[in-house]
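So you can see what is in the structure, the chains are spelled out below.
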Amino acid sequence: MTQELGSRERSLVVLGACMASLLLLFLRSIQLQVLEYESYGGLSRQNRLRRIDLAAPRGLVITSDSIIIAESRPGFNLVLVATADWGGAVRRVASLLDADSAALQAAVAGQRRQFPRDPVVLFRDLPPAMLARIEEHLDQLPGLRIETNALRKANYGPLGSHLLGYTSRIGTVEYAKLKDRGYRLGDDIGKGSLERQFESVLRGSDGYEFYEVDARGRDRGVPEALDPVQPLPGATLRLSIDWRLQLAAESLFSDGRKGAAVALEPSTGRILALVSRPNFDPNLFAAGIRSEDWNRLAADPDFPLWDRAIRSQYPPGSTFKVITAAAALEEMLTAPEDRLRQGCPGGIRIGNRYFKCWKKGGHGSLDMHQAIVQSCDVYFYQLGLQLTVEKLALWSRRLGLGAATGIDLPQEAAGLVPDRDWYELRTGPGSWRGGVAANMAIGQGELLTTPLQLASLYGAIGNDGIRWRPHLLIAVENETGETLRKELRINDRLPLSPGTISVLKRALTGVVNEPGGTGAAARHADVEVAGKTGTAQNPHGDDHSWFACFAPADSPRIAVAVLVENAGHGSAVAAPIAGVIVRSYLARRASVPGPSAPQASGQ
Amino acid sequence: MRSGGFGVGRDLDAGFLIAVLLLSAFGAVAVYSAVQTDQPGLEGLWNRQMLWLAAGLAAMAAMAAVPFRYWEAFAWPIYLLSVGLLVLVLFLPAHMKTHRWIDLGFFQAQPSELAKLATVFLLARISSQTRKTGSVLLRYAVPIAVTAAPMALVLVEPDLGTSLSFPAILLAILFWRGTPLSDMFFILSPVLSMVAVFSMPSFVLFMLLLAGSFLLFRTGFARALPLFLVNIAVGSMAPVVWGHLKEYQRKRIMIFLNPGLDPRGSGWHVLQSKIAVGSGGVLGKGYLGGSQKKLSFLPAQHTDFIFSTIGEELGLWGVSLLLALYGWLLYRGIAIARGARNPFASLTAMGIVSLIVFNTVLNIGMTLGVMPVTGIPLPFVSYGGSAAITMLAMAGIVLGIGLRRYEY
């Protein structure tokens, strides 16, 4: 170590470093204050520099078959930037556009009270004729500017609306919370479904440029010294949705039916179609929804804004019988080939109440396979009584009911699995005894599920017990196609033995394909469909119709749950819809086994 | 030998004291103007600042009176206390989304200020004791660990700017105690690897440079190999860690390095600050006459961005005067550090000088748009109680070391 410095050299080095730093700061000051004085002085004089934001286009939403279902379009807004003496200009523009001048002034004053310095958006998304009229008279409207804004455009209107969600402008209440995150008053923000879930990546970030104004507030152009900051467009969402399947599924509800359909790929958890009807047009919201449109949507008794696929909760009806059967097998209360003590004469007396089977004439004596195929209620009443509410609740939870599936959408409902404590608390001590368990075993009563939960459960049964978390996102990509976020694939295993699963799979195949099965309407000529019908008793009106299935039965590539409100028996309405969805998907995908379905070669 | 206490006379470094007083006066004048804006409610801050200055000057006198051997004796307890406070502050409720302050009711204390001083004391103590020992562990590993602990705690507050003061202290003290330049380079090399690895050719080049310097400095194999491996490891880990950061974390770091990426946040502040300084020109717009300032384009023009007000109103001559004062202050500070016979005292003075220069350059550089935007105030000038009192107290310690320069 010969290069050690002496104390004198060290002092000189430190002093030199300090002085050099200060000298650099001095030189930088000379650069700003002497060499670039003209430009900065000009910008500062009379505070003539204004900043305008360059709106970032919102990201695209693209389906797996490369259909762009949502994009961004330019919209022109009339914006008040002046912070004082704006009354005259606002009055003039109101008369120019035949708007209510007093209301407009009140709106401006209202916003300014809360946010005195922020620009006020007077009119959003001006139609071309109005735009032309304003541009003609812009000279007489000091302090007003026309700004370009990026507005959302849902290319298929109401189709897929519950999947996509909508964007809407930020109001003053939200703005107070959001302004630190770069939002402006009047910006659009994702309000539901994917638009809300992926708001942070879809949004992009706005740029800005500067312009100078003269003493009358008129634009004098962009000063050369200051480079504009270009906006960064939002990222693209690539979805697992098969848009043609989505359209096919939507069309099956087009006769005014209410309900939901969920289709997913059991081997990955990818959602293929997600339908909720009635639906709404997200484009109504894009430029700020008109109050008459809003009132119509909000007052509609059919709740078109409510996503039935993931937020509505219904009793599962007989689709629940797979859970009862699985619980009985796992608890070893019965074997698949056993016939229960009592055959089905069309009903059974429990306590002092008579519980009917759906089939008046009765099914006679059945084993588990036939009980599922023919959906015999009496068979399952007896299993329910043996299992009790406690065990039924336990196995419902183990098989995923009562908990959100974790789909990448906001506000997913968890459903409801009532257990002993729940009944004690809600309906009184001991109320869970006797008939409640029998009713629960056939999916009636207080237990509730979402269509998504049933699709996920049936997919998992078809997939030999491996349950993939349902998701829509395949990738988030930036402008250059670089992947920013990848698909999240997570799985767990249903706690069922392989024997139990194969009993269930064979029985569900029988439901659709064997004589006497309730799901014949979903039958497919080339592929074995396995599924279960359900009819959810509805105290408020006609029963809801369920069908949940997967196909092909031995190694499924699609699982579907369909719910149609107030449509009666599952075998009559929901099963044919599910059948069409399955056929529509497999017909197109049969010839091209994609990488996402490696085991798709069929039988 | 002189005893401790106030030996006023030729042992007091009048140059340093005058520079501190002039800078504080400059700050008081600048803050008075900076709070006169079109947004009422700030004017009262000047009276408070006078209070802080008075408290700070008292602290300076008190610190100057304390013999430095006490700082040396209590270096470990002070350090542990300050680290404890840094841990404590993380568990206190957040204030403006960060955990930087302890609210004492009348006063918001920043434990990181104490931690900087405590780190100076402890590094000076360790370095003065281990100066001649041969063990690499004692000479480098312990100081690095002592620096890393408070740095990491401040980093998670989060306060990136302040956390960078700690390595600045370490480098200054290591250099001042006579660390060979080759070792300085080797200590810095992992950081350089981390930066170099973002382009493969530059990383290969840097590795060759490192290997070459081993030959040049005749570094023993037993030291060269681990060091080389550390560099390779850091170099290969950096992209992995970078890849695993959340998008917003990466964004925050990018914005730190280049405020222009955040046009609505720090980029806007830097631009407004440049406009304020640039429009001041040579002569300035006149005291109290800054229009950018008056319209309060800058949210922190009396604290972190005080220099922009000075530049706008007093122009290049005011800037020159301020920079000259800092130059004089640093010159006298270095002279005191060099003149002190006691190694601990000398290293402490240098540690404090390094803090002053680091904060000054980072703050003014930020205002002029050539350094990242950090929440670091301008020493002796910015508004703020915690900063004013700590800086003046540190100046008092340097003065005290000057008073006792002949003591061993």
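**Student:** In this structure, what is going on with the domain arrangement of chain A? I would like to understand it.
**Tutor:** Interfaces are often described in size by the accessible area the parts lose on coming together. Residues and elements named next belong to chain A. Segmenting chain A into domains produces domain 1 (54-209 + 224-239) and domain 2 (243-589). Contact with domain 1, which involves 37 residues of that partner, is made by 36 residues of domain 2. Summing the contributions of domain 1 and of domain 2, the shared interface buries around 3,100 Å²; its carbon and sulfur component is 62%. The largest contributions to the domain 1 side of the interface with domain 2 come from His162, Tyr166 and Arg238, which together make up 22% of the buried area. Our count for the domain 1 to domain 2 interface comes out at 1 salt bridge. In this structure, Arg238 and Glu477 form a salt bridge, with 3.0 Å as the shortest nitrogen-oxygen distance. Linking domain 1 with domain 2 are 13 residue pairs in polar contact (both at pLDDT 80 or more). Of all elements in the fold, only strand S5 (144-154), helix H6 (161-164), strand S6 (167-169), helix H8 (193-197) and strand S9 (236-239) reach the threshold of two or more residues within the side of domain 1 that touches domain 2. Of the residues that constitute the side of domain 1 that touches domain 2, the class distribution is 16 nonpolar, 12 polar and 9 charged.

**Student:** Looking at this model, I keep getting lost on the pattern of salt bridges. Mind explaining?
**Tutor:** Once their charged atoms are close, side chains differing in charge can pair, the charge on each being opposite to the other. Residue and element names in this part refer to chain A. In this structure the tally under the stated criterion is 26 salt bridges over all chains. Two residues, Asp255 and Arg257, come together in a salt bridge whose shortest N-O distance is 3.7 Å. Taking the relative accessible area as the measure of exposure, Asp255 reaches 53% and is therefore exposed. For Lys258, the salt bridge goes to Asp302, with nearest N and O atoms at 3.4 Å. Of the two residues, Lys258 sits in the loop between helix H10 (243-251) and strand S10 (259-265) while Asp302 sits in the loop between helix H12 (291-299) and helix H13 (321-330), which places them 44 residues apart along the sequence. Residue classification places Lys258 among the partly exposed positions, given a relative accessible area of 21%. Three or more residues are tied together by salt bridges with common partners; here these are Arg58, Arg152, Glu195 and Glu199.

**Student:** So what exactly am I meant to see when it comes to the pairing of strand S15 (residues 473-477) of chain A here?
**Tutor:** Put simply, side chains in a regular strand alternate between the two faces of the sheet. All names here are of chain A. Counting buried positions over the 5 residues of S15 gives 4, a clear majority of the element. With 4 bridges connecting them, S9 and S15 associate as antiparallel partners. Bridging across to S15, Thr236 finds its partner in Glu477. Pairing geometry for S15 and strand S16 (residues 483-486), over 3 bridges, is antiparallel. Among the inter-strand pairings, Glu477 is bridged to a residue of S16, identified as Thr483.

**Student:** So what exactly am I meant to see when it comes to helix H16 (residues 343-367) of chain B here?
**Tutor:** Side chains of residues three or four places apart in an α-helix project in the same direction, reflecting 3.6 residues per turn. All names here are of chain B. With 25 residues, H16 extends 36 Å between its outermost C-alpha atoms, agreeing within 8% with the 36 Å of an ideal straight helix rising 1.5 Å per residue. In terms of burial, H16 is a largely internal element, 24 of the 25 residues being buried. One side-chain oxygen at the N-terminal end of H16 lies 2.7 Å from the backbone nitrogen of Phe344; it belongs to Asn342. Phi turns positive, to about 80°, at Gly369, one or two residues after H16.

**Student:** Honestly, the packing of aromatic side chains in this entry has me stumped. Any pointers?
**Tutor:** Aromatic rings considered in pairs are described by the distance between their centres and by the relative angle of their planes. Residue and element names in this part refer to chain B. Enumeration according to the criterion identifies 19 aromatic pairs over all chains in this entry. Both rings, one in Phe185 and one in Phe186, keep their centres 5.8 Å apart while their planes meet at 50°; by these two values the pair is tilted. Looking at Phe185, the relative accessible area reads 22%, which means it is partly exposed. Relative accessible area serves as the criterion here: at 6%, Phe186 is assigned to the buried category. Here Phe186 and Phe217 contribute two aromatic rings whose centre-to-centre distance is 6.1 Å and whose plane-to-plane angle is 85°, an arrangement assigned as edge-to-face. Of this pair, Phe186 sits in helix H9 (residues 181-196) while Phe217 sits in the loop between helix H10 (200-216) and helix H11 (221-244), placing them 31 residues apart in sequence. Each residue in the set Phe185, Phe186, Phe206, Phe214, Phe217 and Phe228 is aromatic and connected to the rest through ring pairs, giving one cluster.

**Student:** How should I be thinking about the packing of helix H5 (residues 111-129) of chain B against helix H8 (residues 165-176) of chain B in this particular structure?
**Tutor:** Between two packed helices, the angle of one axis relative to the other and the distance separating the axes together describe the packing. All names here are of chain B. Running from N to C, H5 and H8 cross one another at 25°; their axes reach a closest spacing of 10 Å. Of the possible angle classes, the one that applies to H5 and H8 is roughly parallel. In this structure, the crossing between H5 and H8 has a hand that is right-handed. Contacts between H5 and H8 pair Ser112, Ala115, Lys116, Thr119, Val120, Leu123, Ala124 and Ser127 from the former with Ser165, Phe166, Ile169, Leu170 and Ile173 from the latter.

**Student:** Please clarify how the sheet that holds strand S11 (residues 270-277) of chain A should be interpreted in this entry.
**Tutor:** Strands belonging to one sheet form pairs held by backbone hydrogen bonds; the direction of such a pair is parallel or antiparallel. Residues and elements named next belong to chain A. Here 5 strands make up an open sheet; going across it, the order is S11-S10-S20-S19-S18 and the pairing antiparallel. Each of the sheet's edge strands pairs with one partner strand only, and the pair in question is S11 and strand S18 (530-536). In this sheet, neighbouring strand axes are inclined to one another by 5° on average, regardless of whether the strands run parallel or antiparallel. As paired strands, S18 and strand S19 (residues 544-551) are joined by 7 bridges and run antiparallel to one another. Bridge pairing in S19 links Lys532 to Ala548. Contacting S10, S11 and strand S20 (558-564), H10 crosses the sheet at an angle of about 25° to S11.

**Student:** Can you help me understand unusual backbone geometry in this one?
**Tutor:** Note on backbone geometry: most residues besides glycine have negative phi, and most peptide bonds are trans. Omega for the bond connecting Ala551 of chain A with Pro552 of chain A falls within 30 degrees of zero, at -15°, which places this linkage in the cis form. Tracing the backbone through its elements, the reader meets Pro552 of chain A in the loop between S19 and S20. Across the junction of Glu157 of chain B and Pro158 of chain B, the peptide omega takes the value 0°, indicating a cis bond. Of note, the phi angle at Met332 of chain A is positive, near 60°, even though the residue is not glycine.

**Student:** How should I be thinking about the packing of H8 of chain B against H16 of chain B in this particular structure?
**Tutor:** Residue and element names in this part refer to chain B. Their axes nearest at 9 Å, the elements H8 and H16 cross at an angle of 140°. Overall, the two elements H8 and H16 adopt an arrangement that is oblique. In this structure, the crossing between H8 and H16 has a hand that is right-handed. In contact with Ser165, Ala168, Ile169, Ala172, Ile173 and Trp176 of H8, H16 contributes Ser346, Leu347, Met350, Gly351, Ser354, Leu355, Phe358 and Asn359. Counted by class, the contact of H8 with H16 contains 9 nonpolar, 5 polar and no charged residues.

**Student:** Help me understand the environment of Ser346 of chain B in this model?
**Tutor:** When you line up the elements, Ser346 of chain B lands in helix H16. For the pair Ser346 of chain B and Ile334 of chain B, spaced 12 residues apart in sequence, the C-alpha separation works out to 9.1 Å.

**Student:** Just to check I follow, could you spell out the environment of Gly415 of chain A for this structure?
**Tutor:** Residue and element names in this part refer to chain A. Following the sequence through the fold, Gly415 ends up in the loop between helix H15 (377-398) and helix H16 (420-427). Overall, the relative accessible area of 16% leaves Gly415 in the buried class. Gly415 has contacts with Gln313, Gly402, Leu448 and Gln453, leaving out every residue within four places of it along the chain.

**Student:** Hey, could you run me through the environment of Val142 of chain B in this one?
**Tutor:** Residue and element names in this part refer to chain B. Counting through the fold element by element, Val142 comes out in helix H6 (residues 136-155). Taking relative accessible area as the criterion, Val142 reaches 26% and is therefore assigned partly exposed. As for Val142 and Ser127, which are separated by 15 residues in sequence, their C-alpha atoms are 9.5 Å apart. Once residues lying within four places of it in the same chain are set aside, the contact partners of Val142 are Ile126 and Leu137.

Parameters and conventions
Residues numbered from 1 in each chain as written. Chains lettered and ligands numbered in written order. Predicted model: local features only at pLDDT ≥ 70, side-chain atom pairs only at ≥ 80, totals over all residues. Heavy atoms only, no water. Domains from an automatic or database assignment. Contact = heavy atoms within 4.5 Å. Buried area = accessible area lost by both parts, 1.4 Å probe. Salt bridge = Lys/Arg side-chain N within 4 Å of Asp/Glu carboxyl O. Polar contact = N/O pair within 3.5 Å; in protein donor to acceptor, adjacent residues only side chain to side chain. Helix = DSSP H or I, 4+ residues; strand = E, 2+ residues; numbered from the N terminus. Nonpolar A, V, L, I, M, F, W, Y, C, P; charged D, E, K, R; others polar. Buried < 20%, exposed > 50% of the residue type's maximum accessible area, 1.4 Å probe, protein only. Pairing = 2+ DSSP bridges. Expected span 1.5 Å × (residues − 1). Phe/Tyr/Trp six-rings, centres within 6.5 Å; stacked < 30°, edge-to-face > 60°. Axes fitted to C-alpha atoms, helices over the stretch in contact; angles between N-to-C directions. Parallel < 35°, antiparallel > 145°, perpendicular 65-115°, else oblique. Left-handed = near helix turned anticlockwise from the far one by under 90°.

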